[in-house]
Amino acid sequence: MLSIASKHPAFQLALSLTKRNERANMGKYLVETSSFVNQALRSHAAVDAVFVVDGAPESIHQLCAERDLPLYTTSRGLMQKLVGTTYETDVTALAVVGKAEANLSQVVDGGGLLLVGESIQDPRNVGVLIRTAEAAGCRAIALSADSAEPWCRAAVRSSTGSVVRLPIHLYSAAQDIILPLRSAGFTVVAGSAHAPDSALVTNLTGRPMAVLVGNETTGLRPETTQMASKFVSLPMQPGGPSSLNVTVAAGILLYLTLGPRC
């Protein structure tokens, strides 16, 4: 374990990853809190380095030793800079992790269950979608390139660790993901508050299957829903809200695909 100062190259590299363009250039991002760092170290994620302050769990020290990873001790002030906040936090561990990105063929060829998000703007929703997809047994998640970045701090924290394990594919336009999925035999289920058929009375079982959800305000684009195999809604009580939060809707639809086993 090495003590580290602000001018150390490892610290400077980690600090650069608080910026989106550097995360994109290097294919790496930051995972914070001892719980999420532990998850990264226990996963197949490519962890480059770990930073800790006093009070970090002994398990992190042990896992770094087992994986022969550099472990740096730093001050709480420097940890605050890595976390990227203007206020002191209780974060005791942070890791530099390689992105679990998947290309189109990896997404299309594996079958199973997928979640696809279009124009998801809130990074916290992106993180919860990643968490929900992993919980429901999705093999990967695909997000449109105009969605919030899945490796930013808010998304990573909201994923509660799922981001280190679940492969993520970014696509440019709906046809770039939906048409290859349908050609590969996927049933693509588009969810929308405006869909004519209720998801509760539509058969959503079977594999391979992809569940498609859209923007928090405007939902899926009309041209996107036209490419789907099925177009379904979740019933709302009259006089109540017009729709559910996208993460809630995605979770319900994903679990409906599991059938009576739930």
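Structure shown above.
Bear in mind that the values here come from a model prediction, so they are computed numbers and not experimental data. (Residues numbered from 1 in each chain as written. Predicted model: local features only at pLDDT ≥ 70, side-chain atom pairs only at ≥ 80, totals over all residues. Heavy atoms only, no water.)

Draft legend 1. How the structure looks around the packing of aromatic side chains. All chains considered together, the criterion is met by 1 aromatic pair. Between Phe51 and Tyr72 the ring centres are 5.3 Å apart and the planes differ by 25°, which places this aromatic pair in the stacked class. With a gap of 21 residues between them, Phe51 in strand β3 (residues 47–52) and Tyr72 in strand β4 (residues 71–73) connect regions that are remote in the sequence. Considered together, Phe51 and Tyr72 belong to a single accessibility category, that of buried residues. (Phe/Tyr/Trp six-rings, centres within 6.5 Å; stacked < 30°, edge-to-face > 60°. Helix = DSSP H or I, 4+ residues; strand = E, 2+ residues; numbered from the N terminus. Buried < 20%, exposed > 50% of the residue type's maximum accessible area, 1.4 Å probe, protein only.)

Draft legend 2. Layout of unusual backbone geometry. Along the chain, Arg207 connects to Pro208 via a cis peptide bond; the corresponding omega equals 0°. Here Pro208 shows up in the loop between β10 (197–198) and β11 (209–213). A positive phi angle, near 55°, is found at Ser119, a position not held by glycine. Among the structural elements, Ser119 can be located in the loop between β6 (113–117) and α7 (123–135). With relative accessibility at 7%, the residue Ser119 sits in the buried group. Of note in the backbone geometry, Thr160 takes a positive phi value of approximately 50° without being a glycine. Within the secondary structure, Thr160 is located in the loop between α8 (153–158) and β8 (168–171).

Draft legend 3. Layout of the nonpolar core. Membership of the largest hydrophobic core comes to 52 residues, with the highest contact counts inside it found for Leu41, Val50, Ile60 and Leu115. Ranked by residues supplied to this core, first place goes to helix α11 (residues 246–256) with 5 residues. Once you skip the residues sitting within four places of it in the chain, Ile60 turns out to touch Ser34, Val37, Asn38, Leu41, Val50, Val52, Leu71 and Ala93. In this structure, Val116, Ala142, Val188 and Ala228 belong to the second largest nonpolar core, which totals 20 residues. (Core = buried A, V, L, I, M, F, W, Y, C linked by side-chain atoms within 4.5 Å. Contact = heavy atoms within 4.5 Å.)

Draft legend 4. Quick look at helix α4 (residues 58–67). Taken residue by residue, α4 has Ser59, Ile60, Leu63 and Cys64 as its buried positions. Buried residues along α4 cover an arc of 135° about the axis, so they all sit on one side. Away from its buried face by more than 90 degrees, α4 exposes Glu58, Ala65 and Glu66. For α4, the elements touching its buried residues are α3 (34–42), β3, β4 and β5 (93–98). (Arc of directions from axis to C-beta.)

That's the geometry; what it means functionally is another story.
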